[in-house]
Amino acid sequence: MSSNAAKFYSILTFRSSLALLCKKDKNGYASCPKDVCSVFEKLSFDDIWEMNTRLREIGNLRLIKIRVQNSCQNLSSADGFRLIICCNKVLRTVAFLNIYPKRGKYGQLNQPKEETARQLTTYAKSLKDGDLVEHNVKDELKQIEKDANINSSSTEQRQPS
Amino acid sequence: MTAIETKINSFYQEAQESVNEIIEGSDEHLDLILSITKPLDNINKKFAELNESLFNGMNGYSIEDFNNILPKLKGINKLCMTLIGAIARSGLYRDVRIALKEFYKQHDLLREIIHDIHLILSKDDSIDQIMLEINEL
């Protein structure tokens, strides 16, 4: 893996949203994990850091809203999903905070600011509690077991912010 | 005036003309479906271009740019509401639904951009505070 590659983590809110979207094929969101992967699999961290739309930047963190296509419904990125991420430029990590569709049964126009704040709070708590989950963006967002990350050294790894 | 502001102003003027055309046409009813569909298609095409330009430029705008752009975008949003009202009153909704569906889509994207700009310009520091805390973890 190149030194410029990003690592991808998620909070529970994102995983719950993803599970809801993928629950029934008939809702037309089942391609969501694959569509998210197609955005990130070939991008370096620096590419992700520059993506539209930058909502906030504080210190090493940047809050970004990304447009993702919905290949299941053949919708362009403008009409597909909205993915909220928080990037840390020092640790080169990307945290998935939430994903929602623009169209269909669970479609929404925007994510209220209060929800964004709640998701960031959850992110902060997950960092403290060590319950962030790592994802493989080259394999449909499959979760990476924590043990697979631990080096042979016995030092406990701290999850990055 | 920046390039995007010129583009917004130009779109506003053209959209205003099309809205007038639609309002006048819809008074007379029905050979008139075309008198709505045609300007609406014209608006849709330019609306899509404007939204695309806005989206692509979002990371490059300064706070001053956003402050200049926002009232203009709100003006366009209001014009969109006028247009939707005029079409509803014309009773031709079903006849122009394909063009109208595309218009709704572009209007939604504009509203989303306005929402994002509000968030970017927001002085409410709850999000900033949490991000500062995360920085320090």
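Owing to the predicted nature of the structure, the values given are computational and were not obtained by experimental measurement.

A. Spotlight on the overall build of chain B. Check the secondary structure of chain B and you find 5 helices and 0 strands. Beginning at the N terminus, the succession of helices and strands in chain B can be written as α-α-α-α-α. By the compact-globule yardstick of 14 Å for 137 residues, chain B is too spread out, its C-alpha radius of gyration being 18 Å. The dimensions of chain B, computed from C-alpha atoms along their principal axes, are 65 × 30 × 20 Å. Split into buried and exposed, the 137 residues of chain B put 28% on the buried side. Contacts in chain B between residues far apart in sequence, at least 24 positions, make up 84% of those at least 6 positions apart.

B. Representation of the overall build of chain A within the structure. Counting its secondary structure elements, chain A contains 4 helices and 7 strands. Beginning at the N terminus, the succession of helices and strands in chain A can be written as β-α-α-α-β-β-β-β-α-β-β. A burial count over chain A gives 39% of its 161 residues as buried. Within chain A, contacts between residues separated by at least 24 positions form 61% of all contacts whose residues are at least 6 apart in sequence.

C. Representation of unusual backbone geometry within the structure. Residues and elements named next belong to chain A. Omega for the bond connecting N52 with T53 falls within 30 degrees of zero, at 0 degrees, which places this linkage in the cis form. By the element assignment, T53 lies in the loop between α3 (45–49) and β2 (54–58). Even without a glycine there, the phi angle at N74 is positive, about 55 degrees. Taking the number of C-beta atoms within 10 Å as the measure of exposure, N74 has 11 and is therefore exposed. Although it is not a glycine, E140 adopts a positive phi angle of roughly 50 degrees.

D. Region of the structure containing the environment of A:C72. Residues and elements named next belong to chain A. The residue C72 is located in the loop between β3 (61–68) and β4 (81–88) in this model. With 42 residues separating them along the chain, C72 and E114 place their C-alpha atoms 30 Å apart. Every residue in contact with C72, bar those within four places of it in the chain, is listed here: G28, Y29, A30 and S31.

E. Layout of the pairing of strand β1 (residues 7–10) of chain A. All names here are of chain A. Judged from the 4 bridges that link them, β1 and strand β5 (residues 93–101) form a sheet pairing that is parallel. In the sheet register, F8 faces β5, and the bridge partner there is V94. Direction of pairing for β1 relative to strand β6 (residues 133–136): antiparallel, over a ladder of 3 bridges. Paired with S10 across the two strands is V133, which belongs to β6.

Analysis parameters
- Residues numbered from 1 in each chain as written.
- Chains lettered and ligands numbered in written order.
- Predicted model: local features only at pLDDT ≥ 70, side-chain atom pairs only at ≥ 80, totals over all residues.
- Helix = DSSP H or I, 4+ residues; strand = E, 2+ residues; numbered from the N terminus.
- Rg over C-alpha atoms; globule rule 2.2 N^0.38 Å.
- Buried ≥ 20, exposed ≤ 12 C-beta atoms within 10 Å, placed from the backbone.
- Contact = placed C-beta atoms within 7 Å.
- Pairing = 2+ DSSP bridges.

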